[in-house]
Structure formats: structure tokens, C-alpha cells
Amino acid sequence: MISIDSISKHFEGQPAPVLEHLSVEVADGTSLSIRGASGSGKSTLLSLIAGFDTPDRGTITIGRHALPFSDSKAADNFRRDELGVVFQSYNLIDCLNVWDNIAFTSRLKGNADDEYQHHIMHLLAIETLAKKPAHQLSGGEQQRVAIARALVHKPTLVLADEPTGNLDEATSEMVASALYQTCASLRTTLVVVTHSNDVADRANMLRWLRHGQLSADAPC
Ligand SMILES: Nc1ncnc2c1ncn2[C@@H]1O[C@H](COP(=O)(O)OP(=O)(O)O)[C@@H](O)[C@H]1O
Ligand SMILES: [Mg+2]
């Protein structure tokens, strides 16, 4: 269970807090989609859940982990063992090929599983790219490789920031389906930020981020 209790975040120099007394609970193995205007704080919220940044107030608990972590080693272990992140910028390692980019975390974690990696790459239709260096990929291909990398080490929590933002409609549909299905079959909790109603509507819990808080009502 992810439990976020009344967190606030105010960046220096900004007129107002980005997040203000925001609370939400996400049960294990379920999905939460977050929509909201640009600049409403969606990426900020994901980076707080990932422990990349800390809230000014409030608490975040992820399973048995209470954030912030006691030291950087505990944070590193959590990210390696439990977390899969699809960043808005894909953060692939340019000089590595697609296969090695995807295998990166599972090798660190010691649970590399070639058969499962083939399966994930097949779902995302990137099998034929295995040997291509990351710097030769199109934006849409990089996005799918980043998603495969986030899923392949079987994390307990996946955070995805606009995972279909760079894809045409048909590819977006395929990627959303692979993301939700893989998470559901592994009972992985999924938090997905998206501008796409089709992607958001697949989630168990649908929320909009507005005025620093999550609401169940769509903005009118
Ligand atoms: N590290 C930071 N320092 C200062 N301001 C930031 C920082 N990160 C985000 N912001 C500001 O916080 C607001 C929310 O940003 P962000 O979370 O990226 O929004 P979204 O992902 O919803 O588009 C924006 O006004 C942005 O400029
Ligand atoms: Mg963002």
C-alpha cells in the first residue's frame, strides 16, 4: 500500500505551494492515474513518491518503507529492488544497446531473466531493436525501451510519467495495454501520470491534480 498523508511542497521562488495537504492511498496491485494541467505538480508528486525529493510536510509510506530514507544506501536499495520508473525524459544509456539498457536494473538486482525480457519486449513490439544502440532510436522507441526497463526487473511499484506522451494513437494503445497488463499480472502497483483519457481510464482509481490536491472530479 502507498499511503500519502497530507504532504505539501513549496519550491523556493514560487508564489504558491505546488502540493498542499495532498493525501491518497493506493492498495497493493492496483493502479492510480493522475491527470492535470501542465505545471500542476504531477511530476513533483511522482518524484516525492520515488524519494528523489522530500515533502516540506506530511508523510509518505510505501509498504514497509517510511520516506525519507534513513540514508542514501537505503534509498538506493529501495529504488533498485522495488521501484520501476518511466521518466518524462527517458534517461537511457546512449552507448548501450536496447537489450542492455533494459537489462540494466535486473542485472544489478541479480534477477536477470532473459525469457521474461523477451516477453516484455515482445509486448512492447521492440524485440527487433535489441541490438540497436539507444542513441539511434526514435522518441517513440526510446519511450517503449524505458517502459520495458521499468517493468523487467519485476518491481513492486511502477511510477510512469506520461509514458505514452510521444506515441501515435495505435502505439499508445499497445503500450498502455502492456503497462497495465504487466502490472496487473505481477500485482505491481502502478501510478501513471498522463494527458490521455484512454490511458487514464484503464486505472482502478482516477484522479485529477488541481490546486495542489488530488480530486476524483474532472475539472469542468
Ligand atoms: N526543482 C524545482 N525547483 C523549482 N520549481 C520547480 C521544481 N520542480 C518543479 N517546479 C515547479 O513546480 C511546478 C510543478 O511542476 P511539475 O511537477 O513539473 O508539473 P507537471 O508535471 O504537472 O507539469 C511548476 O511551476 C514548476 O516550474
Ligand atoms: Mg510533468
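Reading guide: rules and limits
- Residues numbered from 1 in each chain as written.
- Chains lettered and ligands numbered in written order.
- Predicted model: local features only at pLDDT ≥ 70, side-chain atom pairs only at ≥ 80, totals over all residues.
- Heavy atoms only, no water.
- Buried < 20%, exposed > 50% of the residue type's maximum accessible area, 1.4 Å probe, protein only.
- Helix = DSSP H or I, 4+ residues; strand = E, 2+ residues; numbered from the N terminus.
- Pairing = 2+ DSSP bridges.
- Right-handed = clockwise from strand over helix to strand, strands pointing away.
- Core = buried A, V, L, I, M, F, W, Y, C linked by side-chain atoms within 4.5 Å.
- Donors = N, O, S within 2.8 Å, 3.2 Å for Na, K, Ca; no water.
- Salt bridge = Lys/Arg side-chain N within 4 Å of Asp/Glu carboxyl O.
- Contact = heavy atoms within 4.5 Å.
- Polar contact = N/O pair within 3.5 Å; in protein donor to acceptor, adjacent residues only side chain to side chain.
- Near = heavy atom within 4 Å.
- Areas by Shrake-Rupley, 256 points an atom, 1.4 Å probe, with all protein chains shown as cover.
- Nonpolar A, V, L, I, M, F, W, Y, C, P; charged D, E, K, R; others polar.
- Axes fitted to C-alpha atoms, helices over the stretch in contact; angles between N-to-C directions.
- Left-handed = near helix turned anticlockwise from the far one by under 90°.

A. Structural detail: the pairing of strand β7 (residues 157-161). Along β7, 5 of the 5 residues are buried, which leaves the element largely enclosed by surrounding structure. Side chains of β7 alternate between two faces, with L157, L159 and D161 and V158 and A160 buried alike. Judged from the 4 bridges that link them, strand β6 (residues 83-86) and β7 form a sheet pairing that is parallel. Considered in β7, the bridge of G84 is made with V158. Bridge count for β7 against strand β8 (residues 189-193) is 5 bridges, and the pairing is parallel. Residue pairing for β8: L157 is matched across the bridge by T189. Handedness of the β7-helix α6 (residues 169-186)-β8 crossover: right-handed.

B. Structural context of the nonpolar core. Counting 36 residues, the largest nonpolar core has I102, L124 and I126 as the members making the most contacts within it. Among the elements of the structure, α3 (98-109), α4 (114-123), α5 (139-152), β7, α6 and β8 are those that each provide at least two residues to this core. Counting 30 residues, the second-largest nonpolar core is a separate cluster that includes I4, L83, V85 and M205.

C. Geometry of the coordination of the magnesium ion (ligand 2). Surrounding the magnesium ion (ligand 2) are the protein donor atoms S43 (OG) and Q88 (OE1), which sit 2.1 to 2.7 Å from the metal. Taken as a pair, S43 in helix α1 (residues 42-49) and Q88 in the loop between β6 and α3 lie far apart in primary sequence, 45 residues in all.

D. Fine view of the pattern of salt bridges. Counted according to the given criterion, the structure contains 8 salt bridges. Salt-bridge contacts for D53 lead to K9; the nearest nitrogen and oxygen are separated by 3.3 Å. Taken together, the residues span a long stretch of sequence, with D53 in the loop between α1 and β4 (57-62) and K9 in strand β1 (residues 2-9) at a distance of 44 residues. A salt bridge links R35 to D201, with the nearest nitrogen and oxygen atoms 3.5 Å apart. Placement of the pair is R35 in strand β3 (residues 31-35) and D201 in helix α7 (residues 197-201), with a sequence separation of 166 residues. Under the relative-accessibility criterion, D201 is labelled partly exposed at 48%.

E. Molecular detail of the environment of Q88. Exposure remark for Q88: the relative accessible area of 43% places this residue in the partly exposed category. In sequence terms Q88 and L45 are 43 residues apart; their C-alpha atoms lie 13 Å from each other. Apart from the residues within four sequence positions on either side, Q88 is in contact with S43, D161 and E162. At 3.0 Å, the side chain of Q88 forms a polar contact with the side chain of S43. For Q88, the side chain forms a polar contact with the side chain of E162, separated by 3.3 Å.

F. How the structure looks around the site of ligand 1. Lining the immediate environment of ligand 1, one finds F11, Q14, V18, A37, S38, G39, S40, G41, K42, S43 and T44. In this structure, an oxygen atom belonging to ligand 1 sits 3.2 Å away from a main-chain N or O atom of S40. For ligand 1, an oxygen atom lies 2.9 Å from a polar atom in the side chain of S43. Isolated, ligand 1 exposes 570 Å² of accessible area, and the fraction of that covered by the protein chains is 58%. Partitioned by chemical class, the residues of the shell around ligand 1 number 3 nonpolar, 7 polar and 1 charged.

G. Just the pairing of β8, in detail. β8 sits mainly inside the fold: 5 of its 5 residues count as buried. Side-chain alternation along β8 places T189, V191 and V193 on one buried face and L190 and V192 on a second face that is also buried. Sheet topology note: the β3/β8 ladder contains 4 bridges and is parallel. Note that in β8 the partner of I34 across the bridge is V193.

H. View of the packing of α4 against α5. In the contact formed by α4 and α5, the axes pass within 10 Å of each other and the chain directions differ by 145 degrees. Of the two possible hands of crossing, α4 and α5 adopt the one that is right-handed. Residues Y116, Q117 and I120 of α4 touch α5, and the partners they reach there are A148, L151 and V152. Taken together, the residues that form the contact of α4 with α5 break down as 5 nonpolar, 1 polar and no charged.

Keep in mind that these numbers describe shape and distance, not what the molecule does.
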